[in-house]
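Descriptive analysis of the structure
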Amino acid sequence: MIQMQRVKPMKLCQLESLHRRLDKSHPKQLPVEKALSSHAAGYRGEQAIDYHLTFVRPSHMIFHGLRLQDSSSYFQIDTLLVTPSFILIIEVKNIAGTLDFDPERFQMVRHLNGVAEGFSDPRLQVTRHYLQLERWLRYQKLPVPPIYRVVAISFPNTIIHAPSSSFGKVIHAAQLPYDIIDLEKKHPAPLMSAADMDNIASRLNRHHRPLNPDILTFFEMEPKDIKNGVICSACGAMPMQWQAGWKCEH
Ligand SMILES: [Zn+2]
């Protein structure tokens, strides 16, 4: 059962709005465009795993976009699955091409159209979340069942070369339901009661702190950099004029 619905991240909404209101010739146009396309792809990837999660038992609890505060910083988990016998942290990546994971240097190299591009290994990120979540549960004096972590690649055509690692698995999103069934078989006995589950759900919901960034500060911009006014919903032109109703000149 979905305990926390996926909502469009505030940063993505801000990027869309900024992109609409930035002059095409503005020097920040390119970095804004790049950030928008990467955040939009990330969000599409997260939405793409929803279908695969419809196959999990209704008694399992699903939290999308959960953001908690650790002792010093915040951490955000793409999708968290809480069951009576284990917890699974799912980090979603929507990346096309061929992905080579280097287990010694913790780098991920993406090959696409003859171009190699390096990323930090998402298994490091998901392992950090694992340590932070475990610490958070202990701090909250909540039960700590076995916690697993997985990186799910949501783009089905991506070719994954990932040697097994103690830092977690990298799988295609379509494999998620089967990995969850394997974990259910491995942990048949419930470690948490229905009351424990309710307690965890209400505590996670209560401590969720959605990110609300200041996008102008992020891009070192000022309010004067963006175009003001009402945007025409039909053609995108701005500003519209008020003449007993909003009128578009175009
Ligand atoms: Zn118009």
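Shown above is the structure to which this text applies.
Below: a short report on this structure. Keep in mind that what you see is a predicted model, and the values were worked out from it rather than measured.

Conventions we followed
Residues numbered from 1 in each chain as written. Predicted model: local features only at pLDDT ≥ 70, side-chain atom pairs only at ≥ 80, totals over all residues. Heavy atoms only, no water. Donors = N, O, S within 2.8 Å, 3.2 Å for Na, K, Ca; no water. Helix = DSSP H or I, 4+ residues; strand = E, 2+ residues; numbered from the N terminus. Buried < 20%, exposed > 50% of the residue type's maximum accessible area, 1.4 Å probe, protein only. Phe/Tyr/Trp six-rings, centres within 6.5 Å; stacked < 30°, edge-to-face > 60°. Lys NZ or Arg CZ within 6 Å of the ring centre and 35° of its normal. Core = buried A, V, L, I, M, F, W, Y, C linked by side-chain atoms within 4.5 Å. Contact = heavy atoms within 4.5 Å. Pairing = 2+ DSSP bridges. Axes fitted to C-alpha atoms, helices over the stretch in contact; angles between N-to-C directions. Patch = residues over 30% accessible without salt bridge, like charges linked within 9 Å, V, L, I, M, F, W, Y side chains within 5 Å. Areas by Shrake-Rupley, 256 points an atom, 1.4 Å probe, with all protein chains shown as cover. Salt bridge = Lys/Arg side-chain N within 4 Å of Asp/Glu carboxyl O.

**Let's talk about the coordination of the zinc ion**
- Donor atoms from the polypeptide that bind the zinc ion are Cys232 (SG), Cys235 (SG) and Cys248 (SG), placed at 2.2 to 2.4 Å.
- Written as a sequence motif, the donor residues of the zinc ion are C-x2-C-x12-C. A residue pair is termed long-range when its members are at least 10 positions apart, and cysteine 235 in the loop between α7 (215-218) and β11 (241-242) and cysteine 248 in the segment after β12 (246-247) qualify at 13 residues.
- Given the relative accessible area of 44%, cysteine 235 is considered partly exposed.

**Comments concerning the packing of aromatic side chains**
- The final tally for this structure, using the stated rule, is five aromatic pairs.
- With 6.3 Å between their ring centres and 80° between their planes, phenylalanine 86 and tyrosine 148 make a pair best called edge-to-face. Of this pair, phenylalanine 86 sits in the loop between β3 (74-82) and β4 (87-93) while tyrosine 148 sits in strand β8 (residues 147-153), and the two are 62 residues apart along the sequence.
- Of the residues examined, phenylalanine 86 reaches a relative accessible area of 0% and is grouped as buried.
- Stacked on the ring of tyrosine 74, the Lys or Arg arginine 67 has its end atom at 4.2 Å from the ring centre.
- Against the face of tyrosine 130 rests arginine 149, its NZ or CZ located 4.3 Å from the ring centre.

**Description of the nonpolar core**
- Among the nonpolar cores identified, the biggest contains 30 residues, and Phe63, Leu80, Val82, Leu133, Leu137, Ile200 and Leu204 are the most heavily contacted of them.
- For this core, the secondary structure elements donating two or more residues are β2 (61-69), β3, β4, β5 (98-102), α4 (122-139), β8 and α6 (194-207).
- Those residues in contact with phenylalanine 63, other than ones at most four positions away along the chain, are Gln3, Met4, Asp78, Thr79, Leu80, Val82, Ala201, Leu204 and Asn205.
- Of all hydrophobic cores here, the second largest spans 16 residues; its members include Ile49, Leu53, Leu176 and Leu183.

**Remarks on the sheet that holds strand β7 (residues 115-120)**
- Reading across the sheet, the four strands line up as β7-β6-β5-β9 and stay open at both edges, with mixed pairing between neighbours. In the strand order of this sheet, the two ends are held by β7 and β9 (159-161), each with one partner. On average, each strand axis in the sheet is inclined to that of its neighbour by 20°, with strand direction left out of account.
- Sheet analysis places strand β6 (residues 107-112) next to β7, joined by six bridges and oriented antiparallel. What sits directly across from valine 109, in β7, is glycine 118.

**What about the sheet that holds β4?**
- Overall, mixed pairing links the six strands, which are arranged β1-β2-β3-β4-β8-β10 in an open sheet. What marks the edges here is a single partner per strand, and that holds for β1 (2-4) and β10 (169-172). Strand-to-strand twist of the sheet, defined as the mean angle between neighbouring strand axes without regard to direction, takes the value 35°.
- Summarising the sheet, β4 and β8 pair through seven bridges and their orientation is parallel. Bridge pairing in β8 links lysine 93 to isoleucine 153.

**Some points on the pairing of β4**
- Of all seven residues in β4, six are buried, a share of seventy percent or more.
- Here β3 runs beside β4; their pairing, made up of four bridges, is antiparallel. Across the sheet, the residue bridging to valine 82 is isoleucine 87, located in β4.
- Connecting β3 to the next strand, β4, in antiparallel fashion are four residues.

**Side note on a nonpolar patch on the surface**
- There is a patch of nonpolar side chains on the surface, built from Val230, Trp242 and Trp246 and spanning about 340 Å² of accessible area.
- Tracing the backbone through its elements, the reader meets tryptophan 246 in strand β12.

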